Every structure is written in structure tokens, then in C-alpha cells.
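One letter stands for each residue in the lines below.
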Amino acid sequence: MDGTTERLDPDAAGVARAADLLRAGRLVAFPTETVYGLGADARQGEAVAAIFEAKGRPRFNPLIVHVPDVREAERYGVFPAAARSLVAGGWPAGLTLVVPLREGTGLSPLVSAGNPTVALRLPKADLAQRLLRNFGGPLAGPSANPSGRVSPTTADHVLSGLSGRIAAVLDGGPTEAGLESTILGFPDGVPTVYREGVWQAPASMPRLTKAGEGRADAPGQFSSHYAPKGSVRLDAVTARPGEWHIGFGPVRGDVSLSPAGDLREAAAALFSLLHEADAAGRDRIAVAPIPDRGLGRAINDRLRRAAAPRQAFRL
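Residues numbered from 1 in each chain as written. Predicted model: local features only at pLDDT ≥ 70, side-chain atom pairs only at ≥ 80, totals over all residues. Heavy atoms only, no water.

## Considerations on the nonpolar core
L38, F79, W91, L97 and L120 are the most contacted members of the largest nonpolar core, which totals 43 residues. Those elements giving two or more residues to this core turn out to be β3 (36-41), α2 (45-55), α3 (70-76), α4 (81-87), β5 (95-100), β6 (117-121) and α6 (155-162). No other element matches α2, which puts five residues into this core. Apart from residues no more than four positions distant in its own chain, L97 is found in contact with F79, A83, L86, V87, W91, V118, A119, L120, L184 and F186. With 30 residues, the next largest nonpolar core counts L179, V198, I246 and V287 among its residues. (Core = buried A, V, L, I, M, F, W, Y, C linked by side-chain atoms within 4.5 Å. Buried < 20%, exposed > 50% of the residue type's maximum accessible area, 1.4 Å probe, protein only. Helix = DSSP H or I, 4+ residues; strand = E, 2+ residues; numbered from the N terminus. Contact = heavy atoms within 4.5 Å.)

## A few points about the pairing of strand β14 (residues 284-287)
Sheet topology note: the strand β11 (residues 231-233)/β14 ladder contains three bridges and is parallel. Each bridged residue has a counterpart across the sheet, and for S231 the counterpart in β14 is R284. In the sheet, strand β12 (residues 244-247) pairs with β14 via three bridges, with the strands oriented parallel. Its bridge partner lying in β14, W244 is registered against I285. (Pairing = 2+ DSSP bridges.)

## Some thoughts on unusual backbone geometry
Positive phi, normally seen in glycine, also occurs at A113, with a value near 55°. Mapped onto the fold, A113 is located in the loop between β5 and β6. Of note in this structure, D188 is not a glycine but carries a positive phi near 55°. By the element assignment, D188 lies in the loop between β9 (182-185) and β10 (192-195). For D188, a relative accessible area of 82% gives the class exposed.

## Observations concerning the pattern of salt bridges
Tallied over the entire structure, the rule returns 16 salt bridges. Salt-bridge contacts for R7 lead to D156; the nearest nitrogen and oxygen are separated by 2.6 Å. Taken together, the residues R7 in strand β1 (residues 6-8) and D156 in helix α6 connect sequence positions 149 residues apart. Judged by its relative accessible area of 41%, R7 falls in the partly exposed class. (Salt bridge = Lys/Arg side-chain N within 4 Å of Asp/Glu carboxyl O.)

## Comments concerning the packing of aromatic side chains
With the rule as written, the count across this model stands at two aromatic pairs. Relative to W91, the ring of F79 lies with its centre 6.1 Å away and its plane at 75°, an arrangement referred to as edge-to-face. Taken together, the residues span a long stretch of sequence, with F79 in the loop between α3 and α4 and W91 in the loop between α4 and β5 at a distance of 12 residues. Overall, F79 belongs to the buried group, its relative accessible area being 6%. Residue classification places W91 among the buried positions, given a relative accessible area of 2%. Measuring from centroid to centroid gives 6.0 Å for Y226 and F271, while their planes differ by 25°, and the two rings are stacked. (Phe/Tyr/Trp six-rings, centres within 6.5 Å; stacked < 30°, edge-to-face > 60°.)

Here it is, written out as C-alpha cells:
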């Protein structure tokens, strides 16, 4: 790296430049419908290793591989019957599937972090689709932020954390959903939630959202994650002295995730407000109660991990 990060326009020239950089083994951040991902050619070991280096991410934490369609996904993973049924009518937006890794795919082993599985996602955002088709291969793409910190929903968020560490960011404006994808795995063939996200999994579906000792089945399973620089206190109806209060619904706060109590609006605003807290140097953050239903499950999952004691990993 020469210490500079290009900001690319979302036009044909910007997409072509991003694809050229990726083919050269460089890192390029790009927007999906959820958050910005940090893309690298999933077949180039050095490029994938650069993701871990740029983010400061532990190498036992697997990466999601982005593909343009189901046919490409099946080149890299073996889909059990339950996984096939989920994508039979079209791959749902904001859903990642962890399936057995197909042999001889050419994917870098770093992508799976030693697991016999691979996490696959088909992003729905037009700009992500145009990039994938221009690039012509699978893109490893975790969130484009320093590991453990707040995920980015704008190009400015990406640059605030990774400027000078990556080659470029493809600026598609704010992302739509504002939270990461839901991740499902299939232990013993049973659909199981590995990470709560924007695709709303049935409440009856089993959950396995905590990482094992020194390993993870999927991204986002560590207890401390998605964290701002300041401390976070949850279920705060009122603020304590010195706290910056994020409200919801009837709890007004200094700012609000959604004055109307709309969970979709709150999900889209969450990471943006946590980035605002970082930019303003807020060292104590209080967050109003969020209903633990529907999309609120994913919001509360992120808030609990943001509030957890910080973890230190050996990279």
C-alpha cells in the first residue's frame, strides 16, 4: 500500500476500477444491502490474508464469500436439502448460508478458517451485483471496519477506520438495512441461526450464536463485537450524568433510533449513531430498551455484543 485509499464513484468506470484492483490482489470496500464489505479475491491467499491484516481480525474467524447467483454458490458449497429449499424461490436478501465446503473449489483455506464449511451470500444491492459480475469471481467480504468495531453503513465510515489500509472504497451511499446478514448453518441438516441479522429467522429456529473455544462457526459469534470506543449501557429509560442517550419510541433520548418505534428504521440507524458517538468522542453511551421481537432480535444482539467486555485475540 502507498498509504492512500481511492474513493470510487458508483458508475461503470468506478466499478471497472474496483474490479481491476481486486484482480490485482488489492482490497476494495463495497456496499451491499446490509453494510459495506471489505472485498478481496477469495481465491488469492495473499489477498485474503490482507483482509485479516487490515482489519486486525483473528484468523480463526471465518469470512463470508459473496457470489452473484445460486449457480456460482453451488460451485463452492454443497447444499443440504434444507438450504436448497431456502433459496429455491430466489436467495433472500440479507441471508448467509454456511454449508459444507466443496472440494477443489480453489478458494483460499483462510476463508473457512480451518472449518469444513464455507459461508456464502448472494448480495442483492445493484452495485454489489455489478461489481461481482465485472470481477468475475468470488469475493471474500467481511464488514469493512477494524475488527470488533462498529460496522460501516457509509463510505465515510469505511474511511474513518480503514483509510490508508485498503486500496479503495466504492461509494454507493448509505446502505439500506444497516445491519449485517443473518447467518444460518445446518448441523445435522437442521437450519440453525449462527448470527441474528436482517433476514428474520423464525423464533422457533434453533440458535447457536456463540463461538466455541478459539474458533467460530460463522462471523459475529464472539461475545464482544460491533463495539464503539465508549462504554455502552443497555435498557436505559433515562440517562445517567455524562451519558449520551440513544432513545427509541417513547424514550426520547438525546437522539433516537426511531421516534415512531419502527424496528426497521432503528436497524438502519443503529450503526450510524454509534459511529456518530465515536466521532463526537462520547465515552459513555446509554441505549433505550428495544423490543426483543422480529428485527429487534438482531438489534439487541448487536447491542449486547457492543456492551460486552472487550476481548483481546492473538492474531
